[in-house]
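As a plain string of letters, each chain reads:
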Amino acid sequence: MPTKTRPIEKFASAVAKCSAEGSVYGKCIVADYNNVHKDKCLAEFLRLKECYLAAYKKR
Amino acid sequence: MNSFRIRAFIPSPSLRIIPLRTSRGYAVQAPGAPTLEIFNRQTKWLQKERAASDVEGSRNVDYLRNEVASRLCERLLDINRHFPEVLDLGANACNIARMLTLPSPESPDAGPRANRISNLTAAESSRSLLYRDEDLEFNNEISIIRDVLTTSETLPYDPNTFDAVLSSLSMHWTNDLPSVLAQVNNILKPDSPFLGVMIGGDSLFELRTSLQLAEQDRRGGVSTHTSPLADVRDIGGLLQKAGFNLLTVDVDDIVVDFPDSFALMRDLQAMGESNAVLGREMGAIQRDVLLAAEGIYRELHGNEDGSIPATFRLIYMIGWKDGPNQAKPLPRGSGMVSIKDVLESQEGGSGDQKK
């Protein structure tokens, strides 16, 4: 019986492949988490998202 | 008292078109306790029904409720009494009943904990969740009546009905805690205990902070994703206001490790504990925010082995309804012996014990 994969699981498995980028982004935010403003870590986030999108498509 | 008349008064057409400006009135607070709405009860009910419709998924996430219910039952055993009628308020999937049929972990040979009670009434607003485990074996080992509440905040029981009221992990979704606690006090027999546990304090602070930081960076603002919770210091006041005596409040932290933040959110959803705050943002959290929150959660709170912790702070509360033979503090000013004299006569000094 084929099990139905929920979208969140597909999402989670794609995100799991980008732990390096996620860690860079997380460090950028956590470095000064009392002063977070919009797009504080935009460059790091875009790299993370790029990696995630690639992983999501490849799957 | 509250007698008032309703008159059939139909104003003439000329009176009916008075402009609003001329008919001013006072803004009046309705008498009785102000009803503060924090949670959407309909949403919460729907979430529980949905969660329980996936029976296997729902049973898999019973770990927290079973553990907490077991700890609450231990507290019931501490009271050296037999309880003929017990109410489980907000029973979820009857986790307390299940835990009562097991022996106490401290004395495994003493038989099931349910020996101490005769009848258990399990009351819960979600029918599917309440009847989820109806055909499991533990139902035969305890006399249990399931009762679906039409509203979770009005208790349909007569005063002085129960010898104990238990409540495990459901009171944190109550809008009007003072009212519910006062009703609990009312349905208890005199000199009977209420034992409750609710999620409170800094529960899930890891998830709360990472979602906040992620939204701050991605969207430039925050919205509510976790409930406001009662704090330990609020509970004493709440119980006292509801008329309970001999209060005991204590706190217990349970930290659960998850592989990633999505597993945590999925489990919360399967428990039926998703966000149900009024005025929350409708629809799912944006994927950008989830993606960002996962990275932040790992960096800010993650364990060394790559898992992430989620803290559940449980607040246990015990209160006793007033009874005629209950121990009471003496009235003020009735003390006739000075503590100073007692200490001086005992040790011949100022109370410092010399060795």
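Only a predicted model underlies this, so the values are computations on that prediction, with no experimental measurement involved.

Give a detailed account of the overall build of chain A, specifying residues and quantitative values.
Broken down by element type, chain A carries three helices and zero strands. Taken across its 59 residues, chain A has 31% of its residues classed as buried. Element-wise, carbon and sulfur atoms account for 56% of the exposed surface of chain A, whose accessible area totals about 4000 Å².

Tell me about the overall build of chain B, residues and numbers included.
Helix and strand content of chain B: twelve helices and seven strands. Per-residue burial for chain B yields a buried fraction of 46% across its 355 residues. By sequence separation, contacts in chain B at least 24 residues apart represent 84% of the contacts at least 6 residues apart. Here chain B displays about 19300 Å² of accessible surface, and carbon together with sulfur accounts for 52% of that area.

How would you explain the interface of chain A and chain B if you had to name every residue and give the values?
Every contact between the two is made by 27 residues of chain A and, on the other side, 20 residues of chain B. Overall, the association of chain A and chain B removes approximately 2100 Å² of surface from exposure, summing both partners, and the carbon and sulfur fraction of that is 65%. Joining chain A to chain B, the criterion identifies four salt bridges. A:E9 serves as the salt-bridge partner of B:R266, at 3.8 Å between the closest nitrogen and oxygen. Counting across the interface, chain A meets chain B through ten residue pairs in polar contact (both at pLDDT 80 or more). Looking at the side of chain A that touches chain B, the elements that each hand over two or more residues are α1 (7-16), α2 (19-30) and α3 (42-58) of chain A. Taken together, the residues of the side of chain A that touches chain B sort by class into 16 nonpolar, four polar and seven charged.

Go over the packing of helix α8 (residues 205-219) of chain B against helix α11 (residues 287-301) of chain B with me, naming the residues and quoting the values.
Residue and element names in this part refer to chain B. Where α8 meets α11, the axes come as close as 8 Å, and the angle between the chain directions of the two elements is 130°. Classified by the interaxial angle, the pair formed by α8 and α11 is oblique. Taken as a pair, α8 and α11 cross one another with a handedness that is right-handed. Residues F205, E206, L207, T209, S210, L211, L213, A214, E215, R218 and R219 of α8 form the contact with α11, whose participating residues are D288, V289, A292, A293, I296, Y297, L300 and H301. Its residues assigned to classes, the contact of α8 with α11 shows eleven nonpolar, three polar and five charged.

Hey, could you go over a nonpolar patch on the surface for me, with residue numbers and the actual values?
Residues and elements named next belong to chain B. A contiguous nonpolar surface patch, about 340 Å² in accessible area, is contributed by M336, V337 and V342. Secondary-structure assignment places V342 in helix α12 (residues 339-347). The class for V342 is partly exposed, based on a relative accessible area of 33%.

Outline the sheet that holds strand β7 (residues 308-321) of chain B, listing residues and values.
Residues and elements named next belong to chain B. Ordered in space as β3-β2-β1-β4-β5-β7-β6, the seven strands form an open sheet in which the pairing is mixed. Only two strands of the sheet have a single neighbouring strand rather than two, namely β3 (144-148) and β6 (244-258). For this sheet, the mean angle separating the axes of adjacent strands, direction not counted, is 15°. As judged from the four bridges shared by strand β4 (residues 164-168) and strand β5 (residues 193-199), these two strands associate in the parallel manner. Looking across to β5, one finds that S168 is bridged to V197. The strands that helix α4 (residues 63-77) touches are β1 (83-89), β2 (117-124), β4, β5, β6 and β7; relative to β6, the one it contacts most, it runs at about 150°.

Quick rundown of the environment of B:T151? Include the residues and the values.
Mapped onto the elements of the fold, B:T151 is located in the loop between β3 and β4. In this structure the C-alpha to C-alpha distance between B:T151 and B:S125, which are 26 residues apart in sequence, comes to 6.5 Å.

Describe the pattern of salt bridges, and please don't skip the residues or the numbers.
All names here are of chain B. Per the stated rule, a full pass over the model turns up 29 salt bridges over all chains. In this structure, R59 and D133 form a salt bridge, with 2.9 Å as the shortest nitrogen-oxygen distance. Of this pair, R59 sits in helix α3 (residues 55-60) while D133 sits in the loop between α6 (127-130) and β3, and the two are 74 residues apart along the sequence. Using a relative accessible area of 27% as the deciding quantity, one classes R59 as partly exposed. One salt-bridge network, in which partners are shared between bridges, spans E56, R59, D62, R98, R132 and D133.

Break down the environment of B:A164 for me, citing the residues and quoting the values.
Residues and elements named next belong to chain B. Mapped onto the elements of the fold, A164 is located in strand β4. The exposure class of A164 is buried, given its relative accessible area of 0%. Put simply, A164 and S192 are 28 residues apart on the chain and 5.7 Å apart in space, counted from C-alpha to C-alpha. Those residues in contact with A164 that sit more than four places away from it in its chain are L76, F83, E85, V86, L87, L188 and P193.

Could you give me a rundown of the state of the cysteines, with the residues and numbers involved?
All names here are of chain A. With the rule as written, the count across this model stands at two disulfides over all chains. Here C18 pairs with C51 through a disulfide, and the sulfurs are 2.0 Å apart. Between C18 and C51 the disulfide shows an S-S torsion of about -95°. By sign, it is left-handed. Placement of the pair is C18 in the loop between α1 and α2 and C51 in helix α3, with a sequence separation of 33 residues.

Rules of the game
Residues numbered from 1 in each chain as written. Chains lettered and ligands numbered in written order. Predicted model: local features only at pLDDT ≥ 70, side-chain atom pairs only at ≥ 80, totals over all residues. Heavy atoms only, no water. Helix = DSSP H or I, 4+ residues; strand = E, 2+ residues; numbered from the N terminus. Buried < 20%, exposed > 50% of the residue type's maximum accessible area, 1.4 Å probe, protein only. Areas by Shrake-Rupley, 256 points an atom, 1.4 Å probe, with all protein chains shown as cover. Contact = heavy atoms within 4.5 Å. Buried area = accessible area lost by both parts, 1.4 Å probe. Salt bridge = Lys/Arg side-chain N within 4 Å of Asp/Glu carboxyl O. Polar contact = N/O pair within 3.5 Å; in protein donor to acceptor, adjacent residues only side chain to side chain. Nonpolar A, V, L, I, M, F, W, Y, C, P; charged D, E, K, R; others polar. Axes fitted to C-alpha atoms, helices over the stretch in contact; angles between N-to-C directions. Parallel < 35°, antiparallel > 145°, perpendicular 65-115°, else oblique. Left-handed = near helix turned anticlockwise from the far one by under 90°. Patch = residues over 30% accessible without salt bridge, like charges linked within 9 Å, V, L, I, M, F, W, Y side chains within 5 Å. Pairing = 2+ DSSP bridges. Disulfide = S-S within 2.5 Å.

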